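Here's the letter readout for the chains.
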Amino acid sequence: MCLAVPGKIVEKKGNKVVVDYGDHKVEAGILTGEFAVGEHVIVQGKIVVDKVPEEQVKKWNEFLNSSK
Amino acid sequence: MIGAWPKSMRVEAYFLKYAFPCAFITLQRGRISQAEFEMLERAAVNGEAVERGELERIFAPAIRRLKKLAEETGFEMWSRELVEEYYFKNHNQIIDEGEGDYGKAPKVLCELCKIFPAVVVSGSAGAVVVELPGGKLRAVNTGLTGALKKGDRVMVHYGYACEKLV
């Protein structure tokens, strides 16, 4: 199943963000869309691809932890 | 809608162009190592084949569905026709039907997992913005296709353009 793990934006400077996954952080660039600190996003290949609504993040993380 | 990768491309390499965006997630979810991910990335970018046994192990759910589809359609396993049938049609249907984890995942993740034709609306080195069916914009990497320009039509999977359309 290719279903991703969302990370949280913890820093934003212009089009660059830092995304926190709990055990590590990654830097990524925004090419399109509006993203803010505190929002959960999917990052691939150092670009922000999409955001995941807050209420869905918690449910999904619980599922991922239970299926580890 | 015809993909631009030549028919002479090894089918394992063609499969990897579409499957590679998932490797990012299998890495994230701890199912493959960083070294395995880098091996896959190198092969996917360069259009090189990876051994079938490796692909069958790393992309087990996709391979299971390809085998089922081969039985249903009569296309040979590891044929270009089968991989196209899977990624252009069957794959999105399976996600919509909510098979396995898809039924439990946020809708936005399922949509990212689907494969769509899209049009490049602006570009920069290494990544472009594409317009998806319905008008939504998404940033995607161009590492698998090579440089893209405005107006190019591509197939996208997650945060990657997988193949140019001609």
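Everything quoted here is computed from the prediction, not taken from an experiment.

Visitor: Explanation requested: the overall build of chain B in the structure shown.
Guide: When you go through chain B residue by residue, the secondary structure sums to 6 helices and 5 strands. Mapped from its N terminus to its C terminus, chain B presents α and β elements in the order α-α-α-α-α-α-β-β-β-β-β. For a compact globule of 166 residues, the expected C-alpha radius of gyration is about 15 Å, and chain B comes in at 15 Å, within 12% of that figure. The principal-axis extent of the C-alpha atoms belonging to chain B is close to 40 × 35 × 35 Å. Sorting the 166 residues of chain B into buried and exposed places 37% on the buried side.

Visitor: What exactly am I supposed to notice about the interface of chain A and chain B here?
Guide: Accessible area lost when the parts come together is the quantity often used to give the size of an interface. Each partner contributes to the interface: chain A provides 20 residues, whereas chain B provides 27 residues. Put simply, the parts of the chain that give the side of chain A that touches chain B at least two residues each are β4 (40-44), β5 (47-52) and α1 (54-66) of chain A. It is β5 of chain A that contributes the most residues to the side of chain A that touches chain B, 5 residues altogether. In terms of residue class, the side of chain A that touches chain B is made up of 14 nonpolar, 5 polar and 1 charged.

Visitor: So what exactly am I meant to see when it comes to helix α4 (residues 60-73) of chain B here?
Guide: Given 3.6 residues to a turn, an α-helix orients residues that are three or four positions apart in the same direction. Residues and elements named next belong to chain B. Here α4 contains 14 residues, and its C-alpha end-to-end distance of 20 Å stays within 8% of the 20 Å for a straight helix at 1.5 Å per residue. Those residues of α4 that sit buried are Ala62, Leu66 and Leu69. Considered in projection along α4, the buried side chains sweep an arc of 65 degrees and stay on one side of the axis. Projecting away from the buried face of α4 at angles above 90 degrees are the exposed residues Arg64 and Glu71. Where α4 is buried, its residues contact α1 (11-28) and α5 (80-96).

Visitor: Please clarify how the confidence of the model for chain B should be interpreted in this entry.
Guide: Low-pLDDT portions of the prediction should not be read for the details of their coordinates. Confidence in the prediction of chain B, expressed as mean pLDDT, is 93, and 99% of residues score 70 or more. Among the scores for the predicted complex, ipTM is 0.88 and pTM is 0.93.

Visitor: For this particular structure, what's the right way to read the pairing of strand β1 (residues 7-13) of chain A?
Guide: In regular strands, side chains alternate between the two faces of the sheet. Residue and element names in this part refer to chain A. Where β1 and β4 come together, 2 bridges link them in antiparallel fashion. Each bridged residue has a counterpart across the sheet, and for Gly7 the counterpart in β4 is Val41. Two strands pair when backbone bridges link them, and β1 and strand β2 (residues 16-20) are joined in this way by 5 bridges, in the antiparallel orientation. Residue pairing in the sheet places Lys8 in a bridge with Asp20 of β2. Here β1 folds back onto β2, and the loop between the two strands holds 2 residues, one of which, Gly14, carries a positive phi near 60 degrees.

Visitor: For this particular structure, what's the right way to read the pairing of β4 of chain A?
Guide: Residues and elements named next belong to chain A. Extensive coverage of β4 is indicated by the burial of 5 of its 5 residues. Of the two faces of β4, the one lined by His40, Ile42 and Gln44 and the one lined by Val41 and Val43 are each fully buried. As judged from the 5 bridges shared by β4 and β5, these two strands associate in the antiparallel manner. Residue pairing across strands places His40 opposite Val52, the latter belonging to β5.

Visitor: Teacher, can you tell me more about unusual backbone geometry here?
Guide: Glycine aside, a negative phi is what most residues show, and trans is what most peptide bonds show. Residue and element names in this part refer to chain B. Positioned with a positive phi, Trp78 is a non-glycine residue whose angle comes to about 55 degrees. Note that Trp78 resides in the loop between α4 and α5. Classification of Trp78 by C-beta neighbours within 10 Å gives partly exposed; the count is 17.

Visitor: Got a minute to help me understand the packing of α1 of chain B against helix α2 (residues 34-46) of chain B in this structure?
Guide: Helices that pack against each other are described as a pair by the angle of their axes relative to one another and the distance between those axes. All names here are of chain B. Between α1 and α2, the least distance of the axes is 10 Å, while the angle of their chain directions is 160 degrees. By the angle between their directions, the pair α1 and α2 is classed as roughly antiparallel. The way α1 lies across α2 gives a crossing that is left-handed. Listed contacts from α2 to Leu16, Lys17, Phe20, Ala23 and Leu27 of α1 are Gln34, Phe37, Leu40, Glu41, Ala43 and Ala44.

Visitor: Just to check I follow, could you spell out the packing of α4 of chain B against α5 of chain B for this structure?
Guide: Residue and element names in this part refer to chain B. At their nearest, the axes of α4 and α5 sit 10 Å apart, and the two run at 105 degrees to each other. Judged by the inter-axis angle, α4 sits roughly perpendicular to α5. Residues Arg65, Leu66, Leu69, Ala70 and Thr73 of α4 form the contact with α5, whose own contacting residues are Leu82, Glu85, Tyr86, Asn90 and Ile94. Grouping the amino acids of the contact of α4 with α5 by side-chain chemistry returns 6 nonpolar, 2 polar and 2 charged.

Definitions and cut-offs
Residues numbered from 1 in each chain as written. Chains lettered and ligands numbered in written order. Predicted model: local features only at pLDDT ≥ 70, side-chain atom pairs only at ≥ 80, totals over all residues. Helix = DSSP H or I, 4+ residues; strand = E, 2+ residues; numbered from the N terminus. Rg over C-alpha atoms; globule rule 2.2 N^0.38 Å. Buried ≥ 20, exposed ≤ 12 C-beta atoms within 10 Å, placed from the backbone. Contact = placed C-beta atoms within 7 Å. Nonpolar A, V, L, I, M, F, W, Y, C, P; charged D, E, K, R; others polar. Expected span 1.5 Å × (residues − 1). Arc of directions from axis to C-beta. pLDDT = per-residue confidence, 0-100. Pairing = 2+ DSSP bridges. Axes fitted to C-alpha atoms, helices over the stretch in contact; angles between N-to-C directions. Parallel < 35°, antiparallel > 145°, perpendicular 65-115°, else oblique. Left-handed = near helix turned anticlockwise from the far one by under 90°.

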